Amino acid sequence: MKKTTLPIGPFHPLLEEPEFFTFYLDGETVTKVDLRIGYNHRGHEKLATGLTWDQVPFLVERICGICSTSHPYAYVLAVEDLLGIKAPPRGQYIRSLVGELERIHSHLLWLGLAGHFIGYNTVWMWAWRYREEILDACEKLTGNRNHYAMCRVGGARRDVTREAMDFTMGALDSNERSTKMFLGAVVDDPVIHKRLKGVGVLTKEDAIAYGAVGPTSRPSGVRWDVRETDPYDAYGPSLEAGAWKVIVTENGDVFDKAAVRVLETLESIYLCRWLIENMPDGEIDAHVGNIPEGEGCGHHEAPRGEVFHYVRSDGSNKPIRHKVRAPTFNNLPTYKASCTGEQIADVALITASIDPCYCCTERVGVVSKSRRTSLTQDDLVKMSVEKTFEIEKKIGMKSNLAKL
Amino acid sequence: MTDEEKYMVADKVKKALGALIVSFDQPRPNRIYAVVAQDDFPEANRALFEKLGGRLATSTALEVRDAVELIYHYMLETEGVLCNLKTLVAKPGLKVGSIGAFLPAADWIEREMAEMYGVTFVGHPDPRHLLLPDGWPDGNYPYRCDYPQKPDGFEEQLPDVYQKDRK
Amino acid sequence: MGLKTAALKKSIWVFHVACSPCNNCDIEILDLLTPRFDVERFGIVLVGSPRHADALLITGVANRHVTPRLLETYRATAKPCVCFLFGACAAMGNVFKGSYNVPRLVDEIILEEDPNAIIVYIPGCPPKPEAMIAGVVKALSVL
C-alpha cells in the first residue's frame, strides 16, 4: 500500500490548533483514521499544583480561548463540591449568564467555519459579524471580549450593572433575528440537504461506546446534557420555568450536528433573556476561606460538551491534584467511527463537525493504495467546496446560502 | 430526581458491584465514591458500564505514598449521580487490567495516564504516547511528585531531534 | 481612521503560525478579516505558505513538540521578515512559563536561530483587534 502524505500546516491560514490525522484511503473512500495529538500540551495539571486555589481559575481559563469560561466554571464547581457549598443566587445567575453568552458566540463561530468549508464564504463573514454584537455585550458585562474571569470559588468575581444587562438584551434581540435567518437558510435548503445529510454519521451505539458528549452525541439521539441531568446554578430553576429545552435529534450526520448547534443558539438566547429578567439581588460571593481536606468533581456543559474537573486537597493552600478533561478529548476518537467509509472530499466537513477545540487539524496524512500525492488543508477545503458546486449543478438550483 | 431518590441510587450501585466493594461513601446526594481492589477493577468497571448504563466521563490518576490511585468517573445519566470508582495500584509494579480493551471511551485516557504516571494497562489495544512529544525519554513521568515543576538541565537528556536545532 | 500613509504603502502578506495557543489570539486574528475590522482593505492578506509571507503572526507558547516546526517555518520565510508575537503567550510566556513542556520562549528560540531577527511584541490576553492593528501600524511606521 503506497502512502500519500498531506502536510497541511501545522500552521495553516484558517484553523488554529495543530493536530495530525492520517487517513488510509481505498480510491476515494476512507478505510481507517489515525490521530496524533500533543502539539498543544502545555502541562496545565502540573502547573496547577504550584498555584493557590484562587489563582487556578486564571490558569485554566487559558486552556481554550473559545470556551474560556467553561473551564473556570467547572473548576469552581469542583471546589464548591469539595466544600459542600453553593454560591449565592446572584453569583450563580451571573456565572450562568456568562456561560450562555459564550455558548452563543462559540456556536456562531462554528457556523462561520462550517460555511467556509462548504464553500459559502458569505456565511463565514456574516456569522462572525453577528458574533461581534455578542462580544460587545460580553465586553460591557465583564470587561473583556474573551477570558472574562468571572468565576471565583464561591461565586462570581465581579458584579454586572443594569446598564450592561440592558445593552445585552439589545444584542440578544438582534442576534435572535440573525440566527433565525441562518436557521431558515440552512434547514430548508436542498443543496445543503444533499451535501450534509447522511455524511459522517455517528450511530447511537458508537456515541455511547466512545462516551461522546455535547453536540457530538445529542444529534445521534443520545440525551446527555449536564445542565439537565445534574443541574447546577441557574439551570435547574430555568429548566423548571420552561425557559429553554435540550435539543436532541436522531440521525447523527453533519446536517443534524449543524441544526442542533443553531437551535441551541436560539435556546441560549431565550435562556439569557430569562436570566437577565430574573436576576436576583444580593451578594455575589460566598467568601470562602480555607479549603479543607477532601475531593470534589465538577462538570459544566461547555459549547462542545461536558467539561470535567476533579480536585483533591490535603488542607494546604494549593491543590495536590487537578484533573482537567475537555470535551473534545472524548469527541475526537469518534472520527474512527464517523470518517470510515466516507469520501475524502467530506473529510474537512466531518472533522469540523465535532467542533474540535482542544486540538485541531494540523497535519493530515492520507494513505492511498494507488499513488503518492500531497494535499494541503486548502486542497481538502477546495475538494469540499467543489463537491458542493457539483451537487448544485446536479440538482439544478443554487443554495439559499449563495444568495445571502 | 429528588435528593431522597438519589440516596436510593446507592443501593443500585451496591447491587451491581456486589462483593467487589471494599468501601463505599455517598457524601452528597449526587456523588458516590466506591473503592474496589486492584484485581477486580476491570470487572467493576464492566458492571458499571453494562449493568447500570454509566457513561465514562473521564479517569484521574494521582500519586499517593505507595501506590497510584486510579479514579474512573461514571455519570449515571438517568439518575443524575456521579459514581466514582477508585482503586489503588501498588508500586513498584503499577500494573492493572485495561478498561480500554472493551470500552472505547477509556482508550485515550488510559494512554495519557500511562505516559504521565507510568501505569501499565494490561491488554490495552494501542499503548502509544498520546500527549508527550516524540523522543520523550522512558522513565520520565511528568505528573509524578518527584518530577520537577521546572526541569532545569533536563534539555541535555532529550535526544538529538531537539539538540540539533539548538546548534 | 488616522492611519499613517506610510502603512498604506506597504500591504504586507502575513502567515499565521499557531504554536501551542489557546486559540483566543488566533480567533482575534481571524476576526481581523471579518467585516467589522477588515484588514484586507489595507492589503493585508493571510497566505497559505510561509514562502509567500512578509510577516509571521506567531501566537501561543512554543512547546517541545512544536519548536522544531516553528524553526522550519521561520527558515522557510523569505528574509527580511517581521515576526509579530501576538499575545502574552508568545511575547512573554503568560502563565505557562516554567512548565515542563515549555522550556524556552518564542523570542529566545527565534533569536538563537537568527540574531538579526525583527521581532515585534503585541501583548494582551488576547490583544483586542484594534490593538493588533495599532501594533502592526506602529511597527511598520518605524521599520
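Before going into details, it helps to say that this report is about the structure given with it. By convention here, each chain's residues receive numbers from 1 onward along its written sequence. Chains and ligands are labelled sequentially in the order written, the chains with letters from A and the ligands with numbers from 1. A pLDDT threshold of at least 70 governs which residues receive local features in this predicted model, and a stricter bar of 80 or more applies before side-chain atom pairs are shown or counted, although totals over entire chains, interfaces and linings include all residues. The basis for every side-chain value is the complete set of heavy atoms in the structure, and neither hydrogens nor water enter the calculation.

Concerning the pairing of strand β1 (residues 13-18) of chain C
Residue and element names in this part refer to chain C.
And then number 1: For β1, the tally of buried residues reaches 5 of 6 residues, placing the bulk of the element in the interior.
And then number 2: Two strands are said to pair when DSSP picks up at least two bridges between them. Numbered from the N terminus, helices here are DSSP runs of H or I no shorter than four residues, and strands are runs of E no shorter than two. As paired strands, β1 and strand β2 (residues 45-46) are joined by 2 bridges and run parallel to one another. Looking at the pairing, W13 lines up with V45 of β2.
And then number 3: Read as a crossover between parallel neighbours, the route from β1 over helix α2 (residues 24-31) to β2 is right-handed.
And then number 4: Strand direction decides the pairing type here: β1 and strand β3 (residues 55-59), joined by 5 bridges, are parallel. Its bridge partner being in β3, F15 is matched across the sheet by L56. Buried, partly exposed and exposed residues are distinguished by accessible area as a fraction of the type maximum, computed with a 1.4 Å probe on protein chains only: under 20%, between the cut-offs, and over 50%, respectively. Throughout, right-handed denotes a crossover for which the path from the first strand over the helix to the second runs clockwise when the strands point away from the viewer.

Considering the layout of surface pockets
And then number 1: Lining residues are defined by having an atom within 4 Å of a point belonging to a cavity or pocket. Those points lie on a 1 Å grid over the protein atoms alone, cavities being sets where a 1.4 Å probe fits but cannot get out and pockets being open sets with protein on both sides within 12 Å along at least five of seven lines. Grid points are joined across faces, edges and corners, and a volume is the space filled by probe spheres set on the points. Here the largest pocket defines a volume of roughly 820 Å³.
And then number 2: Lining the largest pocket are 32 residues, and of these K86, D230, P231 and Y232 of chain A together with N30 of chain B lie nearest its centre.
And then number 3: Counting residues per element, the ones that place at least two in the lining of the largest pocket are α3 (70-83), α4 (89-118), α9 (226-229), α10 (235-240) and β6 (293-302) of chain A together with α1 (3-17) of chain B.
And then number 4: By residue number, the principal contributor to the lining of the largest pocket is α10 of chain A, which donates 4 residues.
And then number 5: The residue classification treats Ala, Val, Leu, Ile, Met, Phe, Trp, Tyr, Cys and Pro as nonpolar and Asp, Glu, Lys and Arg as charged. All others, Gly included, are polar. Its residues assigned to classes, the lining of the largest pocket comprises 9 nonpolar, 9 polar and 14 charged.

Describing the interface of chain A and chain C
And then number 1: Contact criterion: two residues are considered in contact whenever any of their non-hydrogen atoms come within 4.5 Å of each other. Tallying the contact residues gives 41 residues for chain A and 41 residues for chain C.
And then number 2: We define a salt bridge as a side-chain nitrogen of Lys or Arg found within 4 Å of a carboxyl oxygen belonging to Asp or Glu. Where chain A touches chain C, the interface holds 6 salt bridges.
And then number 3: The partner of D136 of chain A in a salt bridge is R36 of chain C, with the nearest N and O atoms 2.8 Å apart.
And then number 4: We call two N or O atoms a polar contact when they sit within 3.5 Å, provided that within protein one can donate a hydrogen and the other can accept it, with sequence-adjacent residues counted only if both atoms are side-chain atoms. Put simply, chain A and chain C have 9 residue pairs in polar contact (both at pLDDT 80 or more) between them.
And then number 5: At the level of elements, α1 (44-48) and α5 (121-142) of chain A are the ones that each hand at least two residues to the side of chain A that touches chain C.

With respect to the sheet that holds strand β1 (residues 21-28) of chain B
Residue and element names in this part refer to chain B.
And then number 1: Spatial ordering of the open sheet is given by β1-β2-β5-β4-β3, a layout of 5 strands whose pairing is mixed. Two strands in the sheet have a free side with no partner beyond their single neighbour: β1 and β3 (55-63). For this sheet, the mean angle separating the axes of adjacent strands, direction not counted, is 20 degrees.
And then number 2: By the bridge criterion, 8 bridges tie β3 to strand β4 (residues 67-76) in an arrangement that is antiparallel. Considered in β4, the bridge of E63 is made with V68.
And then number 3: Lines are fitted to the C-alpha atoms to define the axes, a helix being fitted only along its stretch in contact, and any angle between axes, read from their N-to-C directions, falls within 0 to 180 degrees. Where α1 meets the sheet, its contacts fall on β1, β2 (31-36), β4 and β5 (81-90), and the angle it forms with β1 comes to roughly 165 degrees.
And then number 4: Together, β3 and β4 form the strand contacts of helix α3 (residues 107-117), whose direction differs from that of β3 by roughly 5 degrees.

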